Amino acid sequence: MKSKTFVLFGRVMQHILRSPDTIITVAIMPIAIMLLFVYVFGGALKGSIGDSPNYVSYMLPGILLMAIASGISYTAYRLFQDVQKGIFQRFNSMPIKRSSALWAHVLTSIVSNMLTVIIIFLVGIIMGFRSSAGFLQWLEVAGILVLFTLALTWLAVIPGITATSMEGASAFAYPLIFLPFISSAFVPTNTMPLVVRVFAENQPVTSIVNSIRALLSSQPVGNSIWIALAWCVGIMVVAYFFAMRIYKNKNISG
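Here the residue numbers are simple positions, counted from 1 along each chain's written sequence. Residues qualify for local features only when their pLDDT is at least 70, as the model is predicted, and side-chain atom pairs are given and counted only at 80 or more; totals for whole chains, interfaces and linings, by contrast, use all residues. Side-chain metrics in this entry use all non-hydrogen atoms of the structure; hydrogen atoms and water are not considered.

A. Spotlight on the overall build of the chain. Helices and strands together make up the secondary structure of the chain, namely 11 helices and 0 strands. Reading the secondary structure of the chain in the N-to-C direction produces α-α-α-α-α-α-α-α-α-α-α. Within the span of the chain, comprising 254 residues, buried residues form 50% of the whole. Considering only contacts in the chain between residues 6 or more positions apart, those separated by 24 or more positions represent 80%. Note on areas: Shrake-Rupley with a 1.4 Å probe; residue coverage comes only from the protein chains shown. Here the chain displays about 12,100 Å² of accessible surface, and carbon together with sulfur accounts for 68% of that area. A run of H or I in DSSP counts as a helix once it spans at least four residues, and a run of E counts as a strand once it spans at least two, with each numbered from the N terminus. The cut-offs for exposure are 20% and 50% of the maximum accessible area for each residue type, with area from a 1.4 Å probe on protein chains only; residues under the lower value are buried, those over the upper are exposed, and the others partly exposed. Throughout, a residue-residue contact means that at least one pair of heavy atoms, one from each residue, lies within 4.5 Å.

In structure tokens:
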């Protein structure tokens, strides 16, 4: 199964590498927002971020999550295309485990989104992002980002194999892209009105952003990292369960 999955993974990655504008397009919007907030709103917002050394370092974790949420919409789109073109039925007529084609898209999502993350980190460094994190802390940051990507990717699988139109396959990601705006990604939650603050402090993005921010600045993470991991694992398990159930019940799985 593993060798077949990696062969199919290579197939999907070739499509992306032949058209790298997909990764660039995914990175453009978060980078544009980062430029806007740092160079237009940064002066006004700087007083609200406490001891953070600079605003780009403060907001970068939220930008990374926004980019990943944008990137997984392309995963849903690529799945939709394969379903519509009958690719899955073709693979299922071969001696290939039924889930291999699905896992190939999941692995492609992780790799392509991590490439986008690297691009944004590089732009952030040019803009003044600095980190005092050690090697282990960087590994933890990478682990959280991969887990978050995996969780959202399995969410993307569901519309990818059930949507009846290209727009329907990718539109589900829009609320996820804007979720960081109602979190601690750009300003501390204690500056928000009560109702908004309650929502912001109890949604997954805030704990994930706080964990990444603390790790990159070598600050104590506290309980945020456990809450972040619980959100990621919980979303991933539930999404995986429903995605595989839908996949197996549809004709595309043979």
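Still more to cover.
B. The arrangement of a nonpolar patch on the surface in detail. Together, L35, L36, Y39, V40 and F41 line one region of the surface with nonpolar side chains, adding up to about 470 Å² of accessible area. Relative to the helices and strands, V40 resides in helix α2 (residues 21–45). The exposed category is assigned to V40, whose relative accessible area is 54%. Patch construction takes residues with relative accessible area above 30% that form no salt bridge. Like charges are linked within 9 Å, and nonpolar side chains (Val, Leu, Ile, Met, Phe, Trp, Tyr) are linked within 5 Å. Salt bridge, as used here: a side-chain nitrogen of Lys or Arg that lies within 4 Å of a carboxyl oxygen of Asp or Glu.

C. Inspection of the nonpolar core at higher detail. Buried Ala, Val, Leu, Ile, Met, Phe, Trp, Tyr and Cys residues form a nonpolar core when they are joined through side-chain atoms within 4.5 Å. M34, I120, L145, W154 and F186 are the most contacted members of the largest nonpolar core, which has 63 residues in total. Sorting the residues of this core by element identifies α2, α3 (55–84), α5 (100–127), α6 (135–162), α8 (173–178), α10 (204–216) and α11 (224–249) as the ones contributing at least two each. Once residues within four sequence positions are removed from consideration, F186 is found in contact with I33, F37, Y55, Y58, M59, I63, M66, P180 and F181.

D. Region of the structure containing α10. To estimate the expected span of a helix, count its residues, drop one, and scale the result by 1.5 Å. Over its 13 residues, α10 extends 19 Å from the first C-alpha to the last, a length consistent with the 18 Å expected when each residue adds 1.5 Å. α10 sits mainly inside the fold: 12 of its 13 residues count as buried. Buried within α10 are the following residues: P204, V205, T206, S207, I208, V209, S211, I212, R213, A214, L215 and L216. At its buried positions, α10 is contacted by α3, α5, α6, α9 (194–201) and α11. For the purposes of these results, a polar contact is taken to be a pair of N or O atoms within 3.5 Å, where, inside protein, one atom must be able to donate a hydrogen and its partner to accept one; residues adjacent in sequence count only when each atom of the pair is a side-chain atom. Its side-chain oxygen at 3.0 Å from the backbone nitrogen of V205, Q203 defines the N-terminal cap of α10. Directly after α10, the chain includes S218, whose backbone phi takes a positive value near 55°.

E. Seen up close, the packing of aromatic side chains. Centre distance within 6.5 Å is the pairing criterion for rings of Phe, Tyr and Trp, where only the six-membered ring of Trp is used; planes under 30 degrees apart are then read as stacked, over 60 as edge-to-face, and the remainder as tilted. Throughout the structure, instances matching the rule amount to 9 aromatic pairs. Between W154 and Y240, the ring centres sit 4.8 Å apart and the planes meet at 85°, which makes this aromatic pair edge-to-face. Placement of W154 in helix α6 and of Y240 in helix α11 is noted, with a sequence separation of 86 residues between them. Consider the ring centre and the ring normal. A charge sits over the ring if Lys NZ or Arg CZ is within 6 Å of that centre and within 35 degrees of that normal. Sitting over the face of the ring of Y58, R213 holds its NZ or CZ atom 3.7 Å from the ring centroid.

F. Up close: the confidence of the model for the chain. What pLDDT reports is the predictor's confidence in each residue, on a scale of 0 through 100. Overall, the predicted model of the chain reaches an average pLDDT of 83, with 80% of residues at or above 70. For the chain, per-element mean pLDDT is lowest for helix α1 (residues 2–18), which scores 58, and highest for α10, which scores 95.

G. Just the environment of V117, in detail. Within the secondary structure layout, V117 lies in helix α5. Each C-alpha atom, one on V117 and one on L64, is 6.1 Å from the other, the two residues being 53 residues apart in sequence. In this structure, V117 is in contact with L64, I68 and L145, ignoring residues within four places of it in sequence.

H. The arrangement of the packing of α5 against α6 in detail. Lines fitted to the C-alpha atoms define the axes, with helices restricted to the stretch that makes contact. Angles between their N-to-C directions range from 0 to 180 degrees. At a minimum axis distance of 9 Å, the contact between α5 and α6 shows a crossing angle of 135°. Looking at the two axes, α5 sits oblique to α6. Considering only the axes of α5 and α6, their crossing is right-handed. Between α5 and α6, the contacting residues are L102, W103, V106, S109, I110, N113, M114, V117 and F121 on the first element and W138, L145, V146, T149, L150, T153, W154 and V157 on the second. Any angle that is under 35 degrees is reported as roughly parallel, and any over 145 degrees as roughly antiparallel; angles of 65 to 115 degrees are reported as roughly perpendicular and all others as oblique. Crossings are sorted by hand: turned counterclockwise from the far helix by less than a right angle, the near helix makes the crossing left-handed, and turned clockwise it makes it right-handed.

I. Geometry of the side chain of T149. Along the chain, the position of T149 falls in helix α6. Classification of T149 by relative accessible area gives buried; the value is 0%. Looking at T149, its side chain comes within polar contact range of the main-chain oxygen of L145, at 2.7 Å. Each residue touching T149, except ones within four places of it in the same chain, is listed here: I68, I72, S109, I110, N113 and M114.

J. Molecular detail of the packing of α6 against α10. At a minimum axis distance of 9 Å, the contact between α6 and α10 shows a crossing angle of 160°. Relative to α10, the element α6 is oriented roughly antiparallel. Crossing of α6 over α10 shows left-handed handedness. For the pair α6 and α10, contact is made by Q137, W138, E140, V141, I144, L145 and F148 and by I208, S211, I212, L215 and L216, respectively. When grouped by side-chain class, the residues that make up the contact of α6 with α10 number 9 nonpolar, 2 polar and 1 charged. Under the grouping applied here, Gly and all other residues not named as nonpolar or charged are polar, the nonpolar ones being Ala, Val, Leu, Ile, Met, Phe, Trp, Tyr, Cys and Pro and the charged ones Asp, Glu, Lys and Arg.

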